[in-house]
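What follows is the residue order along each chain.
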Amino acid sequence: MTATRTPKTEATTWLRLQERAHREFAIRVAAVTDWEAPTPDTDWNVAQLVSHVIEEQQWVPWLLSGLTTRQAKSRLMPLSDDLTHEWHRYSLAATTAWHDAAPDDRVNLSYDTVAAIDYLKEQVSDVTIHTWDLARAVGTDERIDDELIEHVWTVFAPQKDTLQASGLYASPVPVPDDAPLQTRLLALTGRDVRLTV
């Protein structure tokens, strides 16, 4: 029995979405004027939120090259104080690595070994959600690209019963079924668009 291969169109779509998610995040990084400002992620200020997203990008080239998380961790460098520069640096490195990887390559993550395409979807989803967090924190445009929202929804919706249990997300926020998809997606990850930071 042969393994199911990822359709080329699916891989191409998610690579395009990865670049779009990074552009969306970069726009909000460029709007930061107060790195100490609070964010919807109550444990993080703006600098900590941006650092988290950058650090996630630092892992990408190493993990896609076949290293284990332990091996990759030993190669990560501390971030400089210029987080705008660091974002562009590691965003480019991650984007390049994604384009060099095959979608069905196996990637060693902390919780499992998964196909590169699944790691890519996870990364796109993480950047997309945190783009809204950063937009809300800095008071800039909070509307995220519709195609990004639609695809990230397909990642999170099947996990709705396990997201809170993972410890990574707060309890889902009740919203009407006819609420905009972006609102429903954010609510699924414990974010209430009606609240201010």
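Just so you know, these numbers come straight off a predicted model, no measurement behind them. (Residues numbered from 1 in each chain as written. Predicted model: local features only at pLDDT ≥ 70, side-chain atom pairs only at ≥ 80, totals over all residues. Heavy atoms only, no water.)

*Asks:* Would you explain the side chain of arginine 28 in this entry?
*Replies:* Locating arginine 28 in the fold gives a position in helix α1 (residues 8-30). Side-chain polar atoms of arginine 28 contact the backbone oxygen of arginine 143, separated by 3.1 Å. Residues within four places of arginine 28 in sequence aside, it is in contact with Thr131, Leu134, Ala135, Val138, Thr140, Asp141, Glu142, Arg143 and Ile144. (Helix = DSSP H or I, 4+ residues; strand = E, 2+ residues; numbered from the N terminus. Polar contact = N/O pair within 3.5 Å; in protein donor to acceptor, adjacent residues only side chain to side chain. Contact = heavy atoms within 4.5 Å.)

*Asks:* Could you clarify how one ought to interpret the packing of aromatic side chains in this entry?
*Replies:* Two aromatic rings are characterised by how far apart their centres lie and by the angle between their planes. By the definition in use, this model includes two aromatic pairs. In this structure, arginine 75 is placed above the aromatic ring of tryptophan 62, and the distance from its NZ or CZ to the ring centre is 5.7 Å. (Phe/Tyr/Trp six-rings, centres within 6.5 Å; stacked < 30°, edge-to-face > 60°. Lys NZ or Arg CZ within 6 Å of the ring centre and 35° of its normal.)

*Asks:* Help me out: how do you make sense of the pattern of salt bridges in this one?
*Replies:* Oppositely charged side chains can form a pair if their charged atoms are brought close together. Here the structure, examined in full by the defined rule, presents 11 salt bridges. A salt bridge links glutamate 147 to arginine 16; the shortest N-O distance between them is 2.4 Å. Taken together, the residues glutamate 147 in helix α6 (residues 146-156) and arginine 16 in helix α1 connect sequence positions 131 residues apart. Residues aspartate 145 and arginine 20 are paired through a salt bridge, measuring 3.1 Å at the closest nitrogen-oxygen approach. On the criterion of sequence distance, the pair formed by aspartate 145 in the loop between α5 (116-138) and α6 and arginine 20 in helix α1 is long-range, its members being 125 residues apart. By relative accessible area, which is 17% here, arginine 20 ends up buried. A single salt-bridge network, built from bridges that share partners, covers Arg16, Arg20, Asp145 and Glu147. (Salt bridge = Lys/Arg side-chain N within 4 Å of Asp/Glu carboxyl O. Buried < 20%, exposed > 50% of the residue type's maximum accessible area, 1.4 Å probe, protein only.)

*Asks:* How should the packing of α6 against helix α7 (residues 181-188) be read in this particular structure?
*Replies:* A pair of packed helices is captured by two measures, namely the crossing angle of their axes and the spacing between those axes. At a minimum axis separation of 10 Å, α6 and α7 run at an interaxial angle of 35 degrees. In the crossing of α6 with α7, the sense of the turn from one axis to the other is left-handed. Residues Ile149, Glu150, Val152, Trp153 and Phe156 of α6 form the contact with α7, whose participating residues are Leu181, Gln182, Arg184, Leu185 and Leu188. A per-class count over the contact of α6 with α7 returns seven nonpolar, one polar and two charged. (Axes fitted to C-alpha atoms, helices over the stretch in contact; angles between N-to-C directions. Left-handed = near helix turned anticlockwise from the far one by under 90°. Nonpolar A, V, L, I, M, F, W, Y, C, P; charged D, E, K, R; others polar.)

*Asks:* What's the story with the nonpolar core in this structure? I'm lost.
*Replies:* Most often, soluble globular proteins have nonpolar side chains that are buried together. Phe25, Val50, Leu64, Tyr119, Val124 and Leu134 are the most contacted members of the largest nonpolar core, which has 51 residues in total. Excluding residues that lie within four positions of it along the chain, leucine 134 makes contacts with Phe25, Arg28, Val29, Val32, Val46, Leu49 and Val50. (Core = buried A, V, L, I, M, F, W, Y, C linked by side-chain atoms within 4.5 Å.)

*Asks:* For this particular structure, what's the right way to read the environment of leucine 17?
*Replies:* Mapped onto the secondary structure, leucine 17 falls in helix α1. Apart from residues lying up to four places away in sequence, leucine 17 is in contact with Val124, Glu147, Leu148 and His151.

*Asks:* When you look at the side chain of histidine 22 in this model, what are you seeing that I'm missing?
*Replies:* Mapped onto the elements of the fold, histidine 22 is located in helix α1. The buried category is assigned to histidine 22, whose relative accessible area is 6%. A polar contact is formed between the side chain of histidine 22 and the side chain of serine 91, at a distance of 2.7 Å. Residues contacting histidine 22, with those up to four places away along its chain left out, are Gln57, Trp87, Ser91, Thr95 and Val127.

*Asks:* Honestly, α7 in this entry has me stumped. Any pointers?
*Replies:* Helical geometry note: an α-helix holds 3.6 residues per turn, so side chains three or four residues apart project in the same direction. Among the eight residues that make up α7, six are buried, leaving the element largely enclosed by the rest of the structure. When we look at burial in α7, the residues that qualify are Gln182, Thr183, Leu185, Leu186, Ala187 and Leu188. Taken together, the buried residues of α7 touch α5 and α6. Following α7 by one or two positions, glycine 190 adopts a phi angle in the positive range, close to 85 degrees.

*Asks:* Help me understand the packing of α1 against α5, please; the structure alone is not making it clear to me.
*Replies:* As a packed pair, α1 and α5 sit with axes 9 Å apart at the nearest point and diverge in direction by 25 degrees. With respect to their mutual orientation, α1 and α5 come out roughly parallel. Between α1 and α5 lies a crossing whose hand is left-handed. Counting all contacts with α1, which are made through Glu10, Ala11, Trp14, Leu15, Leu17, Gln18, Ala21, His22, Glu24, Phe25, Arg28 and Val29, the residues of α5 involved are Ile117, Leu120, Lys121, Val124, Val127, Thr128, His130, Thr131, Leu134, Ala135 and Val138. Within the contact of α1 with α5, the residues separate by chemical class into 14 nonpolar, five polar and four charged. (Parallel < 35°, antiparallel > 145°, perpendicular 65-115°, else oblique.)

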